[in-house]
Amino acid sequence: MPELRRVPVNGVELNVALAGSGPAVLLLHGFPHTWELWTDVMADLSDRYRVIAPDLRGFGASSPAAFGYDAGTLAEDAAALLTTLGVSSAAVVGIDAGAAPAFLLALRRPGLVRRLVVMESLLGRLPGAEEFLAGGPPWWFGFHSAAPGLAETVLEGHEADYVDWFLRAGTLGDGVRPALRDAFVRAYTGRQALTRAFSYYRALPESAAQIEQAVATARLTVPTMALGARPVGAALERQLRPITDNLTGHVIEDCGHIIPLHRPRVLLSLLHSFLAGEDAKAA
């Protein structure tokens with residue numbers, strides 16, 4: 001089992017799971033997950049790496065935060081966490097809500113990020129995702145970011161049913177292990193927990209502006225791997241291609257959005273190869 005530690009960073013206290021030793025690997029989860037999304041990944045990677053998996057600001061067991069759910073602040077949280085833990089260089093892996101902070105961290109702090117893996121997310125309004133967005137963004141984006149308090153009012157008391165929908169959809173109907181399902185439900189139960197989760201979606205316009213500003217003056221120079229499944233597919237890779245010096249892309253077949261839980265063995269095979277440098281070649 002990983003060690004759980006409370007780590008004060010950037011004005012908040014993060015709940016952080018730590019395992020293994022060796023080169024550092026930072027794992028950033030999405031919605032509706034906690035660090036436990038990475039349970040299978042951590043168990044494997046910790047044989048070779050020092051694995052660091054926080055609950056993002058305001059999520060899970062990390063301290064509540066009234067603000068700071070934009071990608072830029074979440075990237076600063078990640079940088080501060082690495083510094084506090086004495087890490088001078090890390091591979092950074094982000095999925096869903098964790099992908100944009102991982103991307104901004106690598107773009108702004110290439111000396112801190114030695115490799116970047118992003119999966120199943122879009123990077124703001126960057127070109128390349130037009131086909132994916134042809135019918136509009138996923139319905140829950142609008143629901144979560146609509147009139148403040150609306151989604152919370154509708155969902156309070158029905159959190160388990162709502163989280164279950166995402167877990168089933170994100171694994172193409174397979175679902176996740178009961179212990180993990182229960183952990184995710186607990187993390188997103190209660191009006192305040194829902195508000196914090198939806199604050200990430202309400203900050204998406206600010207995050208998109210941060211990404212556009214960042215790519216206007218810099219390129220992504222660290223070796224990067226973009227992973228897609230269903231529904232995002234190759235859209236993230238297409239967004240990254242024009243702004244990245246060293247990009248590898250894969251679409252995992254027969255895999256839902258929650259790659260670390262739905263197809264962990266395939267993911268681990270790709271991660272081991274990429275982290276070892278075997279699959280990092282200039283496009």
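Look above for the structure.
Residues numbered from 1 in each chain as written. Predicted model: local features only at pLDDT ≥ 70, side-chain atom pairs only at ≥ 80, totals over all residues. Heavy atoms only, no water.

Turning our attention to the pairing of strand E1 (residues 3-9). Two faces belong to every sheet, and in a regular strand the side chains alternate between them. Sheet analysis places E1 next to strand E2 (residues 12-19), joined by seven bridges and oriented antiparallel. The partner of valine 9 across the bridge, within E2, is valine 12. Two successive antiparallel strands, E1 and E2, enclose a turn made up of two residues, where asparagine 10 displays a positive phi of approximately 55°. (Pairing = 2+ DSSP bridges. Helix = DSSP H or I, 4+ residues; strand = E, 2+ residues; numbered from the N terminus.)

Moving on, we get to helix H8 (residues 191-202). The end-to-end C-alpha distance of H8, which contains 12 residues, comes to 16 Å, matching closely the 16 Å that a straight helix rising 1.5 Å per residue would cover. When H8 is considered as a whole, its buried residues turn out to be Ala193, Leu194, Arg196, Ala197, Phe198, Ser199, Tyr200 and Tyr201. Packing partners of the buried residues in H8 comprise helix H2 (71-84), helix H4 (139-145), helix H5 (150-155), helix H6 (159-169), helix H7 (178-187) and helix H9 (204-217). (Expected span 1.5 Å × (residues − 1). Buried < 20%, exposed > 50% of the residue type's maximum accessible area, 1.4 Å probe, protein only. Contact = heavy atoms within 4.5 Å.)

In this section: the pattern of salt bridges. This model, assessed by the stated rule, comprises 12 salt bridges. The residue arginine 191 makes a salt bridge to glutamate 156 at a minimum N-O spacing of 3.5 Å. Here arginine 191, found in helix H8, pairs with glutamate 156, found in the loop between H5 and H6; they are 35 residues apart in sequence, far enough to count as distant. For arginine 191, a relative accessible area of 30% corresponds to the partly exposed category. In this structure, the salt-bridge partner of arginine 219 is aspartate 245, at a minimum N-O distance of 2.7 Å. On the criterion of sequence distance, the pair formed by arginine 219 in the loop between H9 and strand E7 (224-230) and aspartate 245 in the loop between helix H10 (235-240) and strand E8 (247-256) is long-range, its members being 26 residues apart. One continuous salt-bridge network, built from bridges that share partners, spans Asp164, Arg181 and Asp182. (Salt bridge = Lys/Arg side-chain N within 4 Å of Asp/Glu carboxyl O.)

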